[in-house]
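Residues per chain, in single letters:
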Amino acid sequence: MVPVVGDKSSTGSSSAAAAAVYTDNPKERLKECCRKLVAFMCTQVGVGGLVVGYAVVGAFCFIQIEGQAGDAQQHAVEMLRHNCTADVWNVTATVNVLDEPRWRSQVKDALLRFEKKLALIVKKGYDGKTTEETWSFSAALMFSLSIFTMNGYGNVVPKTMLGKAATVVYAVFGIPLYVLYFRNMGKVLAQTFRWLYTWVYQCSMEDKVGGGDLYNQQLPQKSRVIVPSTACLWVLVAYVAAGTVTFVTLEDWSYMDCMFFCVTSLCKIGIENFGPVGTAKESGVIHPMNLIIKFVYLLLGMGIIAMCFDLMREDVQVRVRNLKMDIGLCFEDIRLRAVAVYRRRNSFD
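Residues numbered from 1 in each chain as written. Predicted model: local features only at pLDDT ≥ 70, side-chain atom pairs only at ≥ 80, totals over all residues. Heavy atoms only, no water.

Remarks on the packing of helix α9 (residues 229-250) against helix α10 (residues 255-266)
- Where α9 contacts α10, the axes come no closer than 8 Å and their chain directions differ by 130°. It follows that α9 is oblique to α10 by the angle criterion. Two packed elements cross with a definite hand, and for α9 against α10 that hand is right-handed. Between α9 and α10, the contacting residues are Tyr239, Val240, Gly243, Thr244, Phe247 and Val248 on the first element and Tyr255, Cys258, Met259, Phe261, Cys262, Val263 and Leu266 on the second.
- Class assignment for the residues of the contact of α9 with α10 results in eleven nonpolar, two polar and no charged. (Axes fitted to C-alpha atoms, helices over the stretch in contact; angles between N-to-C directions. Helix = DSSP H or I, 4+ residues; strand = E, 2+ residues; numbered from the N terminus. Parallel < 35°, antiparallel > 145°, perpendicular 65-115°, else oblique. Left-handed = near helix turned anticlockwise from the far one by under 90°. Contact = heavy atoms within 4.5 Å. Nonpolar A, V, L, I, M, F, W, Y, C, P; charged D, E, K, R; others polar.)

Right under this line is the structure:
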């Protein structure tokens, strides 16, 4: 008896055997997990989480790298002050009080040595702040964000050679990740805002027409509503206004300064004198929550800018297409008029 090739029992047994081999093979399971992880990271949620995680990891790395340099500089300045004080005290103890010119000369030499050595430390990046003040977690988080978003405020900079090298490597891997986030987040927000605008447009048209049935007859369900560029501009203005009001309550800035910070940050200009310092308005001390709010504001603002770019590009494409059609119709009308005039002249002749 000839066996049947497409027998269901044989097919089921072979698939079960293949599944058993797959589950028993750790390499195949590892490959499948890696494929699922890569597929999830390419989604909008995965890319957003990857950007936040990349910024957090970068913040901890820069704290560890630059924290040691800050402690070394702080210790060097303290030793320099101690040595200068000791030199002045030795001069005072050894030189007679009545010999004032000699005392003044030796004290002046000690102060000049202190000034020269302190100037060298300042040129290396010492600004009088402690490591906890300069490289707190919130400040390092904003520094990481300013690197891969290409803002570059300049108010917090690495001072060590290792920190500068880490900044270069961090930017090389972070900028492509930010571009991927920029595109994915822009698409998601564009689809959401397009749906919202379409819903509002349909509701307004139903109210104007005076009935849903008549509106459905005039506008087919498959027709796509194009979001105008003016709506995108109003969204940007509203977002900048919201950031201005928020930062006025957080920082000791005026309304103009807050608006200036929002516009320059979202446009990737990054002016140094208005960097994200995070000082509280009442006390003047650095508040970590202020920098976290700015981090969220800038990260979400980049996505809103990408959304506006996507929607405005679609609007411009439709306008260019309509302009092209109008120009074509205009030239066709001119051609028909010219032909009609030519035929009229020939009929007279």
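Don't stop here, the text continues.
Quick look at helix α6 (residues 137-148)
- Given a rise of 1.5 Å per residue, twelve residues ought to cover 16 Å, and the 17 Å separating the end C-alpha atoms of α6 matches this to within 8%.
- Burial analysis of α6 places eleven of its twelve residues in the buried class, the great majority of the element.
- Taken together, the buried positions of α6 are Ser138, Ala139, Ala140, Leu141, Met142, Phe143, Ser144, Leu145, Ser146, Ile147 and Phe148.
- Count one or two residues on from α6 and you reach methionine 150, which has phi positive near 65°. (Expected span 1.5 Å × (residues − 1). Buried < 20%, exposed > 50% of the residue type's maximum accessible area, 1.4 Å probe, protein only.)

Comments concerning unusual backbone geometry
- Phi angles above zero are rare outside glycine, and lysine 268 is one such case at about 65°.
- Within the secondary structure, lysine 268 sits in the loop between α10 and α11 (288-348).

Focus on the pattern of salt bridges
- Tallied over the entire structure, the rule returns six salt bridges.
- The partner of glutamate 314 in a salt bridge is arginine 194, and the shortest N-O contact between them spans 2.9 Å. Here the residue glutamate 314 occupies a position in helix α11, and arginine 194 occupies one in helix α7 (residues 161-209), the gap between them amounting to 120 residues. The burial state of glutamate 314 is the same as that of arginine 194; both residues are buried.
- Arginine 319 serves as the salt-bridge partner of aspartate 315, at 3.2 Å between the closest nitrogen and oxygen. Note that aspartate 315 and arginine 319 are positioned in helix α11 at a spacing of four residues, about one turn of the helix.
- The buried category is assigned to aspartate 315, whose relative accessible area is 4%. (Salt bridge = Lys/Arg side-chain N within 4 Å of Asp/Glu carboxyl O.)

Some details on the packing of aromatic side chains
- On inspection of all chains with the given rule, the structure shows 14 aromatic pairs.
- Ring centres of tyrosine 54 and phenylalanine 148 lie 6.0 Å apart, and the angle between their planes is 65°; this geometry places the pair in the edge-to-face category. Of this pair, tyrosine 54 sits in helix α3 (residues 44-94) while phenylalanine 148 sits in helix α6, placing them 94 residues apart in sequence.
- Owing to a relative accessible area of 1%, phenylalanine 148 belongs among the buried residues under this scheme.
- Centre to centre, the rings of tryptophan 135 and phenylalanine 143 are 5.3 Å apart; their planes meet at 85°, and the pair counts as edge-to-face.
- Its relative accessible area of 7% is what places phenylalanine 143 among the buried residues.
- Feature note: the residues Tyr54, Phe62, Trp135, Phe143, Phe148 and Tyr170 constitute an aromatic cluster, connected by ring pairs.
- Its end group placed over the ring of phenylalanine 247, lysine 294 keeps NZ or CZ at 5.7 Å from the ring centre.
- Note that lysine 294 overlies the ring of phenylalanine 261, its terminal NZ or CZ placed 5.4 Å from the centroid. (Phe/Tyr/Trp six-rings, centres within 6.5 Å; stacked < 30°, edge-to-face > 60°. Lys NZ or Arg CZ within 6 Å of the ring centre and 35° of its normal.)

As far as function goes, none of this settles anything; it's purely spatial.
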